[in-house]
Amino acid sequence: MSDHPVLHVKGRVLVGPDDVRDELWVVGGRISYERPGGARDVRVVEGWALPGLVDAHCHVGLDAHGPVPADVSEKQALTDRDAGTLLLRDAGSPSDTRWIDDRDDLPKIIRAGRHIARTRRYIRNYAHEIEPGDLVAYVAQEARRGDGWVKLVGDWIDRGTGDLSACWPREAVEAAIAEAHRLGARVTAHCFAEDSLRDLVEAGIDCIEHATGLTEDTVPLFAERGVAIVPTLVNIATFPRLADGGEARYPQWSAHMRRLHERRYDTVRAAYDAGIPVYVGTDAGGSLAHGLVAAEVAELVTAGIPPVEALSATAWGARRWLGRPGLDEGAPADLVVYEGDPRDDVRVLADPRRVVLNGRIVG
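Everything quoted here is computed from the prediction, not taken from an experiment.

**Focus on helix 10 (residues 293-303)**
- Buried within helix 10 are the following residues: Val293, Ala294, Glu296, Val297, Glu299, Leu300 and Ala303.
- Along its buried surface, helix 10 packs onto strand 5 (53-58), strand 8 (85-90), helix 6 (233-236), helix 9 (264-273) and helix 11 (307-312).
- One or two residues past the end of helix 10 sits Gly304, with phi positive at roughly 110°.

As structure tokens, then:
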């Protein structure tokens with residue numbers, strides 16, 4: 001504990017959206033709301049403090065072509081850290097990033113193992129590509145390798161039909177999700193289109209990534225089952241470019257992608273209004289840069305989610321959903337300090353004044 005500085009964070013400490021305190025202390029790398037006795041060389045940090053931000057959908061160790069070397073993974077993690085993102089849910093990566101857990105200066109990662117996709121139905125070099133008969137075994141394998149999550153590819157372009165379609169038969173996902181739950185893991189799935197959603201939700205899935213295919217028929221089902229979504233709107237913004245690139249070979253797919261993009265804000269707002277849990281994720285690490293959490297929060301506000309709720313989707317609510325502490329007594333001191341109140345204007349998230357990770361000022 002002696003190698004950790006004592007920090008005095010004062011100004012406004014946002015323990016929760018309505019729980020605002022005047023100060024906290026960091027002693028031995030952990031949060032305390034009691035003034036430490038006899039502390040010397042105390043460093044003062046002033047501003048508006050939030051728990052370290054969450055990116056609930058990113059990929060460390062991955063780029064557009066597949067796995068990357070450790071030094072590239074390190075740069076990705078550092079980029080997120082310097083943006084104030086101190087907890088990452090890695091939604092699928094072929095790289096072994098366990099070494100990051102030994103680094104006090106890098107964000108904490110909750111891994112979902114490697115993507116599990118249907119044969120030739122996903123981005124090359126990303127996923128285990130298998131057939132339905134092997135799905136349960138691969139889900140079990142990734143449940144044991146991950147940190148309480150498994151990631152499926154729920155739909156992708158079918159080159160035979162020239163459009164998005166579901167990847168797995170209903171009975172396969174039912175058995176696979178049941179096995180993940182038996183092993184104590186939650187399951188999420190990449191889904192752009194409409195037709196994969198009902199089977200996955202009725203099979204007991206815990207979360208859907210992107211969820212651009214939500215409709216007035218499936219929104220109530222998600223709400224009833226409490227299935228969360230991570231919309232990744234900064235990624236959905238790329239759909240028109242993708243559609244343009246695929247127009248010549250797959251015009252039906254391209255038109256579909258444009259429709260999903262056009263209604264993206266209405267889709268997210270309808271989900272929120274129905275009571276579906278919505279969390280912040282960027283999909284960084286494939287073709288997108290890391291460090292885009294502030295932009296994603298702003299996108300949720302543009303979609304019509306109230307600013308405090310959009311903030312919670314990357315702060316208090318997101319940490320609670322992932323089972324990780326916020327600014328709790330005795331918790332690891334992972335926090336970000338801003339010039340102004342992010343509840344009034346989420347754009348302040350783009351410019352952290354100080355980043356504190358494991359009790360040390362790192363940015």
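**Thoughts on the pattern of salt bridges**
- Here the structure, examined in full by the defined rule, presents 25 salt bridges.
- Residue Arg81 is joined to Asp82 by a salt bridge in which the shortest nitrogen-to-oxygen separation is 2.9 Å.
- When its relative accessible area of 43% is taken as the criterion, Asp82 is described as partly exposed.
- Here Arg182 ties to Glu179 by a salt bridge, and the two come within 2.9 Å at their closest N and O atoms. In this pair, Arg182 and Glu179 both sit in helix 3 (residues 170-182), three residues apart, roughly one turn of the helix.
- According to the relative accessible area criterion, Glu179 is buried, its value standing at 17%.

**A word on the packing of aromatic side chains**
- Across all of its chains, the model carries six aromatic pairs by this definition.
- Between Tyr279 and Trp321, the ring centres sit 4.2 Å apart and the planes meet at 5°, which makes this aromatic pair stacked. With a gap of 42 residues between them, Tyr279 in the loop between helix 9 and helix 10 and Trp321 in helix 12 (residues 316-321) connect regions that are remote in the sequence. With respect to burial, Tyr279 and Trp321 carry one shared label: buried.
- Grouping aromatic residues by their ring pairs yields a cluster made of Tyr122, Tyr126, Trp156, Phe192 and Phe239.
- Stacked on the ring of Trp149, the Lys or Arg Arg89 has its end atom at 4.6 Å from the ring centre.
- The positively charged end of Arg264 is found above the aromatic ring belonging to Tyr265, 4.2 Å away from the centroid.

The rules behind each value
Along every chain, residues carry numbers that run from 1 in the direction the sequence is written. Local features in this predicted model are restricted to residues whose pLDDT is 70 or higher, and side-chain atom pairs enter the listing and the counts only when it is 80 or higher, whereas totals over whole chains, interfaces and linings include all residues. Side-chain numbers come from the whole structure's heavy atoms, not from hydrogens or water. Classification of residues uses two cut-offs on accessible area relative to the type maximum, computed with a 1.4 Å probe and protein chains only: under 20% is buried, over 50% is exposed, and between them is partly exposed. Secondary structure elements are defined from DSSP: runs of H or I of at least 4 residues count as helices, runs of E of at least 2 residues count as strands, and each element is numbered from the N terminus. Note on contacts: a residue pair qualifies if any of its non-hydrogen atoms lie within 4.5 Å across the two residues. When a carboxyl oxygen of Asp or Glu lies within 4 Å of a side-chain nitrogen of Lys or Arg, that pair is called a salt bridge. Whether two aromatic rings pair depends on their centres lying within 6.5 Å, for rings of Phe, Tyr and Trp, where Trp uses its six-membered ring; planes under 30 degrees apart make the pair stacked, over 60 edge-to-face, and the rest tilted. Sitting over a ring, as applied to charges here, requires NZ of Lys or CZ of Arg to be within 6 Å of the ring centre and within 35 degrees of the ring normal.

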